[in-house]
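Observations on the model geometry
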Amino acid sequence: ANRESWSWREGDFSKARKRLERKPLSIERTKGSEILFGIAPCSLALSQARRDLFRLFLKQSSGSRRLVMSEFVLQATARGVPVHHVKRRELDALCRGQVHQGVCLEATPLRFKSLEEAEKPDLGDEENPNQQLIWLVLEQIQDPMNLGALLRSAYFLGVDRVVTSRRNSCPLTPTVSKASSGVMEVFDVYSTDDLRSFLKAKSAEGWEVVGTVSKPEDVEDVPVISCLEFRWNKPIIIVIGSEGDGLSLETQLLCHRMLAIPPGRALHPGIESLNVSVATGILLHSICSQKLRHGD
């Protein structure tokens, strides 16, 4: 019996020790800061002068990533940012278990830019307007992973500007930056409080406003065409709706045309649409590839 009680106490002690080891050390955060995580977001945030930067946290003894980490030390030193080498569990705690790849950066948040701050695009003279401008407008995208993926595709495929509706939209969080693979650190994102007035104003300036829809039969009063048939010869705005509901009816009615992606097979009931960021990537590629051909 004595032996049993001793082994129980020993096991208990070992569990308590493990719990203590697991407990992450708390790191005092600078007021108003957030924690960026991941190699691309942190590296690009360090190389751009868009955020105030407070501290860089790197995982100790990174082995194969040693070269990457020494690059980070050089970047941080050049910007005058203190570097702290910490254990992995401290990084896990800093970014609440997200995939940090051994790097976290404490910095001020990025905000949406207002359209008033935007430079007016050069549409050229009346005789020869610039027909190659393409803007992406996002209505109530709420998932940070989707917003990040949308920004990554828009940047890669050559979209000139991204504008979001301010209401019911995801803010520019560290998760968005990671999902965008750091694109959020280099690509301005604008927002508007009044999406409908903005779309009406662009229409009046001669832009074509093009909506998107997953089920063409749901659309009334606006012509729907396949993205494969779409041709454009003026500046365009592509409007993407929210993850669950798509474009609101009021926004649909401001569109000149609606685009749909034709499926490659008869779809099983209940599997009738694509993830919003995947659908947008397909649509943008279809449209932006025309931009490249025009430029040749």
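Further up the page is the structure itself.
A brief look at the structure comes next. Predicted, not measured: the structure shown is a model, and the values here were computed from it.

This part covers the overall build of the protein. If you tally the helices and strands in the protein, you get nine helices and twelve strands. Considering only residue pairs separated by 6 or more positions, the protein has 86% of its internal contacts joining residues 24 or more positions apart. Accessible surface for the protein amounts to roughly 16,900 Å². Of this, 51% is attributable to carbon and sulfur atoms.

Let's shift gears to the side chain of Ser 286. By the secondary structure assignment, Ser 286 is in helix α9 (residues 276-295). Classification of Ser 286 by relative accessible area gives buried; the value is 15%. Within the structure, Ser 286 has its side chain in polar contact with the backbone oxygen of Cys 227 (distance 3.1 Å). Residues contacting Ser 286, with those up to four places away along its chain left out, are Cys 227 and Leu 228.

On the surface, Leu 274, Val 278 and Ile 282 cluster together into a nonpolar patch covering about 240 Å² of accessible area. Tracing the sequence through the fold places Ile 282 in helix α9. You can call Ile 282 partly exposed: its relative accessible area is 37%.

A few words on helix α7 (residues 195-204). Taken as a whole, α7 has its buried residues at Leu 195, Phe 198, Leu 199 and Lys 202. Along the long axis of α7, the arc covered by the buried residues comes to 95°, so they all point the same way. Of the residues in α7, the exposed ones pointing more than 90 degrees away from the buried face are Lys 200 and Ala 204. Tucked inside the fold, the buried residues of α7 contact β6 (134-138), β7 (161-165), β8 (189-192), β9 (208-212), β11 (236-240) and α8 (249-252).

Cut-offs applied
Residues numbered from 1 in each chain as written. Predicted model: local features only at pLDDT ≥ 70, side-chain atom pairs only at ≥ 80, totals over all residues. Heavy atoms only, no water. Helix = DSSP H or I, 4+ residues; strand = E, 2+ residues; numbered from the N terminus. Contact = heavy atoms within 4.5 Å. Areas by Shrake-Rupley, 256 points an atom, 1.4 Å probe, with all protein chains shown as cover. Buried < 20%, exposed > 50% of the residue type's maximum accessible area, 1.4 Å probe, protein only. Polar contact = N/O pair within 3.5 Å; in protein donor to acceptor, adjacent residues only side chain to side chain. Patch = residues over 30% accessible without salt bridge, like charges linked within 9 Å, V, L, I, M, F, W, Y side chains within 5 Å. Salt bridge = Lys/Arg side-chain N within 4 Å of Asp/Glu carboxyl O. Arc of directions from axis to C-beta.

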